[in-house]
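# Notes for the structure review
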Amino acid sequence: MLNCDMLIDANDIKSTISKLKNEENYEILLDVTAIDYLNFSDVTPSRFAVVYILRDSTFKKHISVKAFVDDSTLEVDSLCDLFESANWAERETYDQYGIKFKGHPNLKRVLNHHQFTGHPLRKDYPTTKGQICTETEDLMDEMTPLLHSKGYSDEEIKDLMLLNVGPSHPASHGTIRNFVALEGETITACVTEIGYLHRGFEKSCENHTYSQIIPYTDRLNYCSAILNNIGYSKAVEEMLGIDITPRAKMIRVIIGELSRIIDHLVCNAANMVDLGGLTNFWYLFAPRDNAYDLLSKLTGARLTNTYTRIGGLEFDLYDGFHKDLEAVLKDVETAIDDSLSLIAHNKIFHDRTQDVGVIKADFALRNGISGPNLRAAGVAHDLRKDKPYYGYENFDFDVVIGSHGDVYDRMMCRFEEMIQSIRIIRQAMRELPDGAINVHAPGILLPSKKDVYGNIEGLMNQFKLTFEGTLVPKGEYYSSTEATNGELGFFIVSDGSGRPYKVKCRPPCFYSLAAYSKIVEGGMLADAVVTMASMNFIAGEFDR
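So, here's what we can say about the structure.

Among the structural elements, Glu185 can be located in the loop between β8 (177-183) and β9 (186-193). The spatial distance from the C-alpha of Glu185 to the C-alpha of Ser259 is 37 Å, given a sequence separation of 74 residues. Contacts of Glu185, omitting those with residues within four sequence positions, involve Gly523, Met524 and Leu525.

Now for the nonpolar core. A general trend in soluble globular proteins is that nonpolar side chains are found buried together. Of all hydrophobic cores here, the largest spans 134 residues; its most connected members are Ile13, Tyr52, Ile99, Ile254 and Phe321. Here the element with the most residues in this core is helix α8 (residues 246-274); it accounts for 13 residues. In this view, Ile99 contacts Ala34, Phe48, Val50, Val69, Leu74, Val76, Thr93, Tyr94 and Leu107; residues no more than four positions away in its chain are not counted. Among the nonpolar cores identified, the runner-up in size contains 23 residues, and Ala441, Leu445, Leu488 and Phe490 belong to it.

What follows covers the pairing of strand β2 (residues 28-36). The side chains of a regular strand alternate, residue by residue, between the two faces of the sheet. Among the nine residues of β2, nine are classified as buried, and the element is accordingly described as predominantly covered. Note: β2 against strand β3 (residues 48-55), eight bridges, orientation antiparallel. Paired with Leu29 across the bridge in β3 is Leu54.

Here the focus is the sheet that holds β2. Overall, mixed pairing links the four strands, which are arranged β1-β4-β3-β2 in an open sheet. Each edge of the sheet is formed by a strand with only one pairing partner; in this case those strands are β1 (6-9) and β2. Averaged over all adjacent pairs, the angle separating strand axes in this sheet is 25°, with direction ignored. Relative to strand β4 (residues 62-68), β3 is paired through seven bridges, and the arrangement is antiparallel. What sits directly across from Ile53, in β4, is Ser64. With respect to the sheet, helix α1 (residues 13-23) is in contact with β1, β3 and β4, its orientation differing from that of β1 by roughly 140°.

What the three strands build is an open sheet, ordered β12-β13-β14; its pairing is antiparallel. This sheet does not close on itself; its edge strands, each paired only once, are β12 (475-483) and β14 (502-506). Ignoring which end each strand starts from, the neighbouring axes of this sheet average 15° apart. Looking at chain direction, strand β13 (residues 486-494) and β14 are connected through five bridges and run antiparallel. The residue bridging Gly489 from the neighbouring strand is Arg506, located in β14.

Here we come to helix α9 (residues 279-299). Structurally, the α-helix is built with 3.6 residues per turn, so residues lying three or four positions apart point the same way. For α9, which comprises 21 residues, the first-to-last C-alpha distance of 31 Å matches the rise-based estimate of 30 Å (1.5 Å per residue) to within 8%. Among all positions in α9, only Asn280, Phe281, Leu284, Phe285, Pro287, Arg288, Ala291, Tyr292, Leu294, Leu295, Leu298 and Thr299 are buried. Buried residues along α9 sit against α7 (225-240), α8, α10 (321-343) and α15 (407-431). At the exit of α9 stands Gly300, carrying a positive phi of roughly 90°.

Rules and cut-offs
- All chains use their own residue numbering, which begins from 1 and follows the written sequence.
- Residues qualify for local features only when their pLDDT is at least 70, as the model is predicted, and side-chain atom pairs are given and counted only at 80 or more; totals for whole chains, interfaces and linings, by contrast, use all residues.
- Remark: hydrogens and water are excluded; side-chain values derive from all non-hydrogen atoms of the structure.
- By definition, any uninterrupted DSSP run of H or I lasting at least four residues is a helix, any uninterrupted run of E lasting at least two residues is a strand, and each is numbered from the N terminus.
- A contact between two residues is defined here by any heavy atoms of the two lying within 4.5 Å.
- Nonpolar core, defined: a set of buried Ala, Val, Leu, Ile, Met, Phe, Trp, Tyr and Cys residues in which side-chain atoms within 4.5 Å join the residues together.
- For the exposure calls, accessible area comes from a 1.4 Å probe over protein chains only, and a residue counts as buried if that area is under 20% of its type's maximum, exposed if over 50%, partly exposed in between.
- At least two bridges found by DSSP between two strands are what make those strands a pair.
- Axis lines are fitted through C-alpha atoms, for helices just across the contact stretch, and the angle between N-to-C directions can take any value from 0 to 180 degrees.
- A helix is expected to reach a length of 1.5 Å times the quantity of its residues less one.

This is the structure in C-alpha cells:
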C-alpha cells in the first residue's frame, strides 16, 4: 500500500517541516492540499488531513508529510513564514476544503469567487449547486494593507492611480486580473486575482474512471497537452506498479518534446507581440501550425490530443511519421534563426527585456518557481536530469540556464530549450525500438475490437473496464514530470476502486503567478506586460 512518507501530529506541523527544511535541506514547498476521508473505506483519526509535499535542495528527493486535523477546529499553523509558496497553496486548501491556517497573512478564497459558500472539494458538497457571482470584488481588502506596509498613509493612497490590468484585456494573457497602484507609470503595489476560468478539474476527477480523466488533463496546459497526458498517466502507472514498453517510453519522449517546442513557440511569439513586433510571431507560429498538423495526423486532434493511455498509447506512429517530423523540426530551426536575426542585436529589444522582471534564484526557490523561469535565474534544475524517467539519462542534451533571471534570459532560455528538445527528438528517433506500444494487462487496457466481438472474455473485459475502470491499489502517491513550465505533479489518493478518491494537480504556473505581483512592483506598467508574457502563464493550468 502506497502512503505519505511521514505521518505526524497536527500540532507538530511547523516544527517538523521547519526541521526538514533546516536540517535535511527540504528547501522547496511544492504543494499543500487536504484530504476529506468522509467516504473513505478505512477508519481514520479524523475527517480531514493536510498534506505537504517538499523537495530537497539537490532536487532529487521529495517527501510528503501528512497530519490529521482536529475536526472541532479545522485549524493548523500556517507555513507562510517558512515558505513564500505556502501563501497561495494554503489559500487554495482553505478555499476548497475549509482548513484554516493560523497566522496566514490573508486567508481568503483564491479559485472560487468571494460570494461562494461552502467548500467544493468536500465529499458532501452538492455538485449540482450553482453559485453565481453577482458582485465584483474591488480587492481593496488586499491593496490597502499592502500599501500601508509600504509606508503609504490613507491620504497618500488617495493620490495613487489604481488600475485593473485584466481579466478582460489582451495584456493579461487570459483570465488574470492584476490590480495595480501606480505612481506615474511605476507600479508601487500589485495584487493578483485568479479564478475566472475555474471549472473544477479535481472535483470532476472524483466522478470518473482513471482513463476517463485523461481528456481533462488536456485542458490544463493546453499549449502542450500531451505533456499533461504523460504526467498523469505516469503517476497512475507507478501506483499500479507497471512499466510501459520501451517503444511507448520513446514515443512519449518524442511527442512530449515536440509539445515542449510548441509551447515555447507560443510563449516567445506572444511575448514579442507584446513588445510590439509582429514579424517574429509569424516566423514562429508557422512551424507551430505544421506541428499541429502532424499531431492531428497522429492523434486525431490538434490541440487537446488525449494521446496516452494507462499502460501505453492510443496509436502507434503512422507510416511516414519520421519524414513529417523531420520537416517540422527543420522548420522550427529556421524559424528560431529568423527570429533571432531580428532581435539578437536589436537595441530596442534589449532595452525592453534586459534587467526587466528580474527573478533571483533564492526568490524563485522560496516561491516554488520551477522550469524555465527558475533555470533563467541560474538554477540548473530539470527533472529530466535530476530524476530522469523514460530513459532521459541516456540522451545527450544540456540543461539551459541564464545568469540574471530577467525577461531576456527567460526568452533566450526557451529558444535554446527548443534546440535541446530537437536534439533529444532526433536521438530518440534513431534509437526508437520496435515492439508493442501497450503493456499486456487485461485489467488495465481495453481489449482489441476483434477480442470484444470475437470472444466472451474480451467482451466482459471491455464491459468491466468501461463501467468499473482500472482498479488502482489503495494508497496515496505523488509523481511529477518536467512539463513545459516546470514541475507538473499529481497527488492521487486511491480507495482501491476504479475511480480516484482524490486527484490534486500541482501546476507550475500557479506558483509562478503567485510570485508575479512581487516581481513587477517597482517596475513600469509596460514592463509588467512583457514580464507576464515571459513567464508563460497558462490559465487552464493555474485555474484548473
